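# Commentary on secondary and tertiary structure
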Amino acid sequence: MRSPRIGARLGSGLAAALLVATGLAASAPTALAQAPASAYAGIVPAPVKVTPNASATFTITPATRIVVQPGVETAGVGSYLGQLLRRPTGFALPVTPSTSAQANTISLLLTGADPAVGEQGYQLDTTADRVVIRATTPAGLFAGVQTLRQLLPASAESARTQRGPWTVPGGSVLDHPRFGYRGAHLDVARHFFPVETVKRYIDEIAAYKINTLHLHLTDDQGWRIEIKSWPKLATYGGSTQVGGGPGGHYTQEQYKEIIAHAASRQMTVIPEFDMPGHTNSALASYAELNCDGVAPPLRTDIAVGYSSLCINKDITYKFVDDVVREIAALTPGKYFHLGGDEAHATSDADYNTFMTKALPILAKHGKTAMGWHEVAKAKPAAPTSTVIQFWDTKASNPAVAEAAARGNKVLMSPANKAYLDMKYNASSPLGLNWAGYIEVQDAYNWDPATYAQGVGESSVFGVEAPLWSETLKTLADIEYMAFPRLPAIAELGWSPASSHNWDAFKQRLAAQGPRWDAAGINYYKSPQVPWPTTNPGSCDNPAWESAKIYTGGTLVSHGNHEWRAKWWTRGDEPGSTGRWGVWEDLGSCA
Ligand code: TNX
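An unreviewed UniProt entry annotates the protein chain as beta-N-acetylhexosaminidase originating from Allokutzneria multivorans. UniProt annotates the protein chain under Catalytic activity (unreviewed entry) with the comment "Hydrolysis of terminal non-reducing N-acetyl-D-hexosamine residues in N-acetyl-beta-D-hexosaminides." In UniProt, the protein chain has this text filed under Sequence similarities (unreviewed entry): "Belongs to the glycosyl hydrolase 20 family."

Right, dumping it as structure tokens:
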């Protein structure tokens, strides 16, 4: 897996990636050969256009300042950039408002951007004495900041002060997304995740220009948010989870905290309340929601399709109205997801009745509906404003094609490509496999605009990577399933279709590995990706050897990091079991 020739292979791969990303013709090999193994060629998602300038390098020093266009929103992006860079550099990096770029600054400006950047794109120019990011919106500046991060050494991702130097290679980027919506979904119902875990996941996916977090807040096994008018939903319905653990729920204050954190990462939260199926936790909490007036027991198994709200009771719609009213009032985003999937315990006629009554409740509270693709079958048809989330494993789904023909937009999450909870292969320790195994190349090799029959580019709302949590209990578990596949889906959502190329992508992905190592992200080291070779012995410790026995407290170097054995270990590769595994990551050696 780790051959000494990887360095050489990486060099040529980077040149190939550069070729794709810049759109240069294959007839310019000399120019490419002269280009350094440029950080510009390693950016994920691939930018629309990069133009490295090997003769200039900007270096962040203790005197560097961050300049922001006057205004609160831009100041927010500036202070975020400051937070990112202060920890590894140890520099002060003050943020000062000004309308122009100055020497020894990183400037975030809302003026002068190439109009091609649109609402979410940016332009980044690095010369010897400054970095200037220009955009038309704070979201664009934020995207530019994510690109800048990837131009810095990997150790810039460390939470502890590192040595530097903090160089940004000279060059320019002009960039804008293919789709306006690039989402990640997180199931906090099957296993509950605390606020800090959700915030950390937001931070990790924002780095790949994901701009929407779809929170799956309710399911059979748990109701995860306080509803003041129906308090038992959270206190009882949220009191367990898959496997029988204690579960948990967010207070409305905590939900607002998640939304505010997402907003500071230019990300919108879409709440999902899955109905009329996937509702056992609600039915267990309130007997009156059941047709027979009897509350079922809480469930901690992973079966699906057995629960349904009682379609012909008025109280069901009072319940829907109360939930939507309370949550809509706390949710700044336009969209509200009503689930609608796998309602196998609801007859088609009842399903239609439910959607006919429930969808207008969303509109009444000022929200536009999203639903899993079963919603496309509802009769009368859901309004054309309803976004249909495609999760099929088959390319042919006539109901979705008909909805697209009526004018509904379709969010692409095919389960056999984009589901981050599917195992990578038969030996993956986590995940399910009902939609197949999804290696990194499978997650990457599809086109959102041609995948589903009858759903062309103009019908595609965007892409989303769902992460269901039946088998996932911790942040490390989430990270292991999301990385490296989430960046693959993020690239499908952001990068031009013309840049799509697995051989180039895997090289760019490889360049992310040291960043995840430095950040302490627990990723799957797919054998499909030529991760850079390690740099043994660059710390003042012996290199880790897989055959050796180590006792607790021993220090080794591995993957350009320093590690301390937490207890007796043999054969456990540092980093392979997560941040708090057998080895403690003491940080990058850089
Ligand atoms: C199907 S996809 C589901 C979820 C499960 C998931 C597991 C969809 C809309 N429903 O309830 O958690 O499979 O992969």
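### Here's the deal with the overall build of the protein chain
Of regular secondary structure, the protein chain possesses 17 helices and 22 strands. Taking 590 residues into account, the globule formula puts the C-alpha radius of gyration at 25 Å, and the protein chain, at 24 Å, falls close to it. Taking the principal axes of its C-alpha atoms as reference, the protein chain extends roughly 75 × 60 × 45 Å. A sequence separation of at least 24 residues applies to 71% of the contacts in the protein chain between residues at least 6 apart. Entry remark: accessible area of the protein chain is about 21300 Å², with carbon and sulfur atoms responsible for 55%. One way to put it: in the protein chain the 49 positive side-chain charges average out to a point 4 Å from where the 51 negative ones average out.

### Things to note about the packing of aromatic side chains
Throughout the structure, instances matching the rule amount to 29 aromatic pairs. Ring geometry for Tyr480 and Tyr524: centres 5.8 Å apart, planes at 70°, overall edge-to-face. Taken together, the residues Tyr480 in helix H14 (residues 475-482) and Tyr524 in the loop between helix H17 (513-519) and strand E18 (549-550) connect sequence positions 44 residues apart. According to the relative accessible area criterion, Tyr480 is buried, its value standing at 14%. These aromatic residues form a ring-pair network of at least three members: Trp223, Trp230, Phe273, Tyr286, Phe319 and Phe336. For Lys209, the ring lying beneath its charged end belongs to Trp494, and the centroid distance is 5.5 Å. Note that Arg485 overlies the ring of Tyr424, its terminal NZ or CZ placed 3.8 Å from the centroid.

### A short note on the sheet that holds strand E22 (residues 583-588)
Spatially, E19-E20-E22 is the arrangement adopted by the 3 strands of the open sheet, whose pairing is antiparallel. Unpaired on one side and paired on the other, strand E19 (555-558) and E22 mark the two borders of the sheet. Each strand of the sheet is rotated relative to its neighbour by a mean of 30°, with strand direction disregarded. Bridge analysis of strand E20 (residues 561-565) against E22 gives 5 bridges, and the strand direction is antiparallel. When the sheet's bridge partners are listed, Arg564 is paired in E22 with Glu584.

### Overview of helix H11 (residues 398-406)
Within H11, the full set of buried residues consists of Ala399, Val400, Ala403 and Ala404. Taken around the axis of H11, the buried residues stretch over an arc of 140°, which confines them to a single face. Seen from the open side of H11, the exposed residues pointing more than 90 degrees away from its buried face are Pro398 and Ala405. Turning to H11, the residues buried within the fold contact strand E15 (387-390) and strand E16 (410-412). Gly407 lies just past H11 and shows a positive phi near 120°.

### Structural notes on the environment of Pro88
Its place among the elements puts Pro88 in helix H3 (residues 72-89). Judged by relative accessible area, which is 1%, Pro88 ranks as buried. The spacing of Pro88 and Ser158 is 70 residues in sequence and 5.7 Å in space, taken between C-alpha atoms. Residues in contact with Pro88, not counting those within four places in the same chain, are Ser155, Ala156, Ser158, Arg160, Thr161, Gln162 and Trp166.

### A closer look at the sheet that holds strand E7 (residues 166-175)
The 7 strands lie next to each other as E1-E7-E5-E6-E4-E2-E3, forming an open sheet whose pairing is mixed. One side of each edge strand has no neighbouring strand; the edge strands of this open sheet are strand E1 (49-60) and strand E3 (95-97). Neighbouring strand axes in the sheet, compared pairwise and without regard to direction, differ in orientation by 20° on average. Pairing analysis gives 5 bridges linking strand E4 (residues 105-109) to strand E6 (residues 130-134), with the strands arranged parallel. The residue bridging Leu108 from the neighbouring strand is Ile133, located in E6.

### Topic: the side chain of Lys423
Mapped onto the fold, Lys423 is located in the loop between helix H12 (415-418) and helix H13 (440-444). Although Lys423 is buried, it forms no salt bridge, and the closest oppositely charged side chain is Asp421 at an N-O distance of 11 Å. Side-chain polar atoms of Lys423 contact the backbone oxygen of Ser428, separated by 2.8 Å. Dropping the residues within four chain positions of it, Lys423 is found in contact with Ser428, Pro429, Leu430, Gly431, Leu432, Asn433, Gly436, Tyr437, Ile438, Met481 and Arg485.

### Remarks on the site of the ligand
Around the ligand sit 13 residues, and of these Arg190, Tyr419, Asp421, Trp434 and Glu470 come closest. Within the side chain of Arg190, an N or O atom sits 2.7 Å from an oxygen atom of the ligand. For the ligand, a nitrogen atom lies 3.2 Å from a polar atom in the side chain of Glu342. In isolation the ligand has 360 Å² of accessible area, and contact with the protein removes 97% of it.

### Describing the nonpolar core
In this structure, Val198, Phe273, Phe319, Phe354, Met412 and Leu486 are the most contacted members of the largest nonpolar core, which totals 147 residues. Setting aside its immediate chain neighbours within four residues, Phe354 contacts Met275, Pro276, Leu309, Ile311, Thr316, Tyr317, Val320 and Leu338.

Reading the values: the criteria
Residues numbered from 1 in each chain as written. Predicted model: local features only at pLDDT ≥ 70, side-chain atom pairs only at ≥ 80, totals over all residues. Heavy atoms only, no water. UniProt positions renumbered as here; feature names shortened; annotations may be inferred. Helix = DSSP H or I, 4+ residues; strand = E, 2+ residues; numbered from the N terminus. Rg over C-alpha atoms; globule rule 2.2 N^0.38 Å. Contact = heavy atoms within 4.5 Å. Areas by Shrake-Rupley, 256 points an atom, 1.4 Å probe, with all protein chains shown as cover. Lys, Arg positive; Asp, Glu negative; His and termini not counted. Charge placed at Lys NZ, Arg CZ, Asp CG, Glu CD. Phe/Tyr/Trp six-rings, centres within 6.5 Å; stacked < 30°, edge-to-face > 60°. Buried < 20%, exposed > 50% of the residue type's maximum accessible area, 1.4 Å probe, protein only. Lys NZ or Arg CZ within 6 Å of the ring centre and 35° of its normal. Pairing = 2+ DSSP bridges. Axes fitted to C-alpha atoms, helices over the stretch in contact; angles between N-to-C directions. Arc of directions from axis to C-beta. Salt bridge = Lys/Arg side-chain N within 4 Å of Asp/Glu carboxyl O. Polar contact = N/O pair within 3.5 Å; in protein donor to acceptor, adjacent residues only side chain to side chain. Near = heavy atom within 4 Å. Core = buried A, V, L, I, M, F, W, Y, C linked by side-chain atoms within 4.5 Å.

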